[in-house]
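# Breakdown of the fold
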Amino acid sequence: MTEAAACKGKTIVVVGGGNSAGQGAMYLSQFATKVVILIRQKDLTATMSSYLIDQIAGTPNIEIMGQKDVLETRGNGKLEQLVIKCLETNNDEVLDASAMFVFIGAKPYTDWLSDSVIKDDKGFLITGRDLLTDDTFKKVWKLDREPMMLETCVPGIFAAGDVRSGAMNRVASAVGEGAMAIKFVHEYLAQN
Ligand SMILES: Cc1cc2nc3c(=O)[nH]c(=O)nc-3n(C[C@H](O)[C@H](O)[C@H](O)COP(=O)(O)OP(=O)(O)OC[C@H]3O[C@@H](n4cnc5c(N)ncnc54)[C@H](O)[C@@H]3O)c2cc1C
């Protein structure tokens with residue numbers, strides 16, 4: 001919202017094809033003259049909810065440029081151009097743009113957690129039965145019960161919401177898991 005006002009009368013680029021990118025593009029289209037969505041896929045169908053795809057299709061100042069990769073940003077003190085590669089033809093092209101918004105995924109803040117909490121290759125915390133096939137888990141888990149549904153490989157440490165590997169990435173599921181985690185904490189404390 002803070003940045004959107006500065007996009008008034010300009011051509012801007014949104015990089016990414018998920019719902020965050022779609023919601024961002026829809027909002028920014030109320031301010032910018034033109035919003036270009038740059039994606040590596042051919043279209044948005046595999047990555048964005050259909051309600052957003054429909055909204056974007058009905059917004060004349062949003063253009064989707066598929067099969068594109070951003071190679072370089074250019075400008076003198078501020079963004080003026082992007083160099084993009086067309087993945088279909090392998091040719092580079094230059095696109096004038098005054099701003100670029102990058103929505104290419106989220107990184108969990110889990111570095112501060114000790115390595116004894118097992119994470120997936122992106123840093124999300126592995127919980128519950130998903131741990132059972134993990135080789136490290138088999139070495140570190142000493143209890144004669146399986147981890148509870150939201151429990152990490154460290155007994156008594158639970159994870160809820162987006163930080164969990166395999167999370168649904170929805171508000172309702174994060175809130176629900178938060179409530180479940182409290183119940184599991186009570187169960188855990190009652191056992192120990
Ligand atoms: C642009 C966008 C649009 C979305 N639209 C929808 C939608 O329409 N519908 C829907 O259901 N979901 C939507 N989502 C997904 C939804 O926002 C998330 O699934 C949900 O917010 C997850 O909740 P959470 O509590 O797990 O994580 P978060 O909401 O990310 O909360 C985590 C909190 O932990 C804090 N934190 C991080 N590290 C630490 C630390 N070390 N110490 C203390 N605090 C810390 C963070 O600052 C943050 O406040 C959207 C997400 C985005 C990004």
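Heads up: the structure comes first, above all this text.
Here goes a summary of the coordinates provided. (Residues numbered from 1 in each chain as written. Predicted model: local features only at pLDDT ≥ 70, side-chain atom pairs only at ≥ 80, totals over all residues. Heavy atoms only, no water.)

## Here's the deal with unusual backbone geometry
Although it is not a glycine, Q67 adopts a positive phi angle of roughly 55°. Structurally, the position occupied by Q67 is in the loop between strand 3 (62–65) and strand 4 (68–74). One non-glycine residue, N169, adopts positive backbone phi at about 55°. By the secondary structure assignment, N169 is in the loop between helix 3 (135–140) and helix 4 (171–191). Relative accessible area serves as the criterion here: at 45%, N169 is assigned to the partly exposed category. (Helix = DSSP H or I, 4+ residues; strand = E, 2+ residues; numbered from the N terminus. Buried < 20%, exposed > 50% of the residue type's maximum accessible area, 1.4 Å probe, protein only.)

## Looking at the site of the ligand
All residues adjacent to the ligand are S20, Q23, Y109, W112, G161, D162, N169, R170, V171 and A174. Contacts to the ligand include D162, whose side-chain N or O atom sits 2.8 Å from an oxygen atom. Within the backbone of V171, a nitrogen or oxygen atom sits 2.8 Å from an oxygen atom of the ligand. If the ligand stood free it would expose 1,000 Å²; the protein chains cover 38% of that surface. Taken together, the elements giving at least two residues each to the shell around the ligand come down to helix 1 (19–28) and helix 4. Partitioning the shell around the ligand into residue classes produces four nonpolar, four polar and two charged. (Near = heavy atom within 4 Å. Polar contact = N/O pair within 3.5 Å; in protein donor to acceptor, adjacent residues only side chain to side chain. Areas by Shrake-Rupley, 256 points an atom, 1.4 Å probe, with all protein chains shown as cover. Nonpolar A, V, L, I, M, F, W, Y, C, P; charged D, E, K, R; others polar.)

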